[in-house]
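Now for the letters of each chain:
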Amino acid sequence: MMKRFILVIIMMISTLGVYSFTANTLDAKKTSYASYYHDKFNGRKTASGEIFSNSKFTAANRTLPFGTNIKVTNLNNGKQVIVRINDRGPFHASRALDISKAAFDEIGDISHGTIPVEYEIVD
């Protein structure tokens, strides 16, 4: 009986520990690199089914839900932009975000293909 009670307590602590860990990671700021979409993707469907436009402030991420707004900060100059996730990618290990050309131009120089960024979910 005592073993069963201890096992139940351990399971409860484990479950709560995993829940609190995953809840905090969603709100955490993350750092990575961002690139921008090539013009050839204009007019094509994104993974969410929406038509892509390089003039809108949108982005692709491998795991964040579609419709999530994130604040992206260029770590080189401190400039920020808010973009909405509407696509999947980038499929390159060193980058976490592909952002539209308009959003990239707001925070960086499009003559550079990638920039170091920090990003976080906003309401």
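Residues numbered from 1 in each chain as written. Predicted model: local features only at pLDDT ≥ 70, side-chain atom pairs only at ≥ 80, totals over all residues. Heavy atoms only, no water.

Q: Would you take a moment to explain the pattern of salt bridges for this structure?
A: Oppositely charged side chains can form a pair if their charged atoms are brought close together. Across all of its chains, the model carries 5 salt bridges by this definition. For K101, the salt bridge goes to D39, with nearest N and O atoms at 3.1 Å. Taken together, the residues K101 in helix α2 (residues 101-107) and D39 in the loop between β1 (30-36) and β2 (58-60) connect sequence positions 62 residues apart. On the basis of relative accessible area, K101 is assigned to the partly exposed category, the value being 22%. Ionic pairing is found between E120 and K71, a salt bridge with its closest N-O pair at 3.5 Å. With E120 in strand β6 (residues 114-122) and K71 in strand β3 (residues 69-74), this pair connects stretches of sequence that are 49 residues apart. (Salt bridge = Lys/Arg side-chain N within 4 Å of Asp/Glu carboxyl O. Helix = DSSP H or I, 4+ residues; strand = E, 2+ residues; numbered from the N terminus. Buried < 20%, exposed > 50% of the residue type's maximum accessible area, 1.4 Å probe, protein only.)

Q: Teacher, can you tell me more about a nonpolar patch on the surface here?
A: On the surface, a nonpolar cluster with roughly 780 Å² of combined accessible area is contributed by M2, F5, I6, V8, I9, I10, M12 and I13. Here I10 lies in helix α1 (residues 2-27). (Patch = residues over 30% accessible without salt bridge, like charges linked within 9 Å, V, L, I, M, F, W, Y side chains within 5 Å. Areas by Shrake-Rupley, 256 points an atom, 1.4 Å probe, with all protein chains shown as cover.)

Q: I tried to follow the side chain of T58 on my own but got confused; where do I start?
A: Structurally, T58 can be placed in strand β2. Leave out the neighbours within four places in its chain, and T58 touches E50, F52, S53, V83, R84, N86, D98, I99 and S100. (Contact = heavy atoms within 4.5 Å.)

Q: Whenever I open this one, the nonpolar core confuses me. Can you help?
A: Across soluble globular proteins, you tend to see nonpolar side chains buried next to one another. Residues I70, V72, V83, L97, I99 and Y119 are the most contacted members of the largest nonpolar core, which totals 17 residues. Of all the elements in the fold, those that place two or more residues in this core are β3, β4 (80-87), β5 (97-99), α2 and β6. Look past the residues within four positions of L97 in its chain and what remains in contact with it is Y33, A34, S35, A60, N61, I70, V72, P90, V117 and Y119. (Core = buried A, V, L, I, M, F, W, Y, C linked by side-chain atoms within 4.5 Å.)

Q: Before we go on, may I ask you to explain the pairing of β6 in this structure?
A: Look at any regular strand and the pattern is simple: side chains alternate between the two faces of the sheet. Strand direction decides the pairing type here: β1 and β6, joined by 6 bridges, are antiparallel. Of the residues in β6, the one forming a bridge with K30 is Y119. Judged from the 6 bridges that link them, β3 and β6 form a sheet pairing that is antiparallel. The residue of β6 that forms the bridge with T73 is E118. (Pairing = 2+ DSSP bridges.)

Q: Is there a simple way to explain the pairing of β3 in this structure?
A: Here β3 pairs with β4 via 5 bridges, running antiparallel. Across the sheet, residue N69 finds its bridge partner in β4, namely R84. In sequence, β3 turns back onto β4 through a hairpin of 5 residues, with G78 there showing a positive phi of about 80°.

Q: I would appreciate a short explanation of the sheet that holds β4 in the present structure.
A: Two modes of strand pairing occur in sheets, parallel and antiparallel, and in both the strands are linked by backbone hydrogen bonds. Taken in spatial order, the 6 strands of this closed barrel run β1-β5-β2-β4-β3-β6, and their pairing is mixed. Across the sheet, the mean angle separating the axes of adjacent strands is 45° when strand polarity is ignored. Alignment of β2 against β4, held across 3 bridges, turns out to be parallel. Across the sheet, the residue bridging to A59 is I85, located in β4. (Axes fitted to C-alpha atoms, helices over the stretch in contact; angles between N-to-C directions.)

Q: Help me understand the side chain of N74 in this model?
A: Tracing the backbone shows N74 in strand β3. A polar contact is formed between the side chain of N74 and the side chain of N77, at a distance of 3.5 Å. Contacts of N74, omitting those with residues within four sequence positions, involve K79, I107, G108, I115, P116 and V117. (Polar contact = N/O pair within 3.5 Å; in protein donor to acceptor, adjacent residues only side chain to side chain.)

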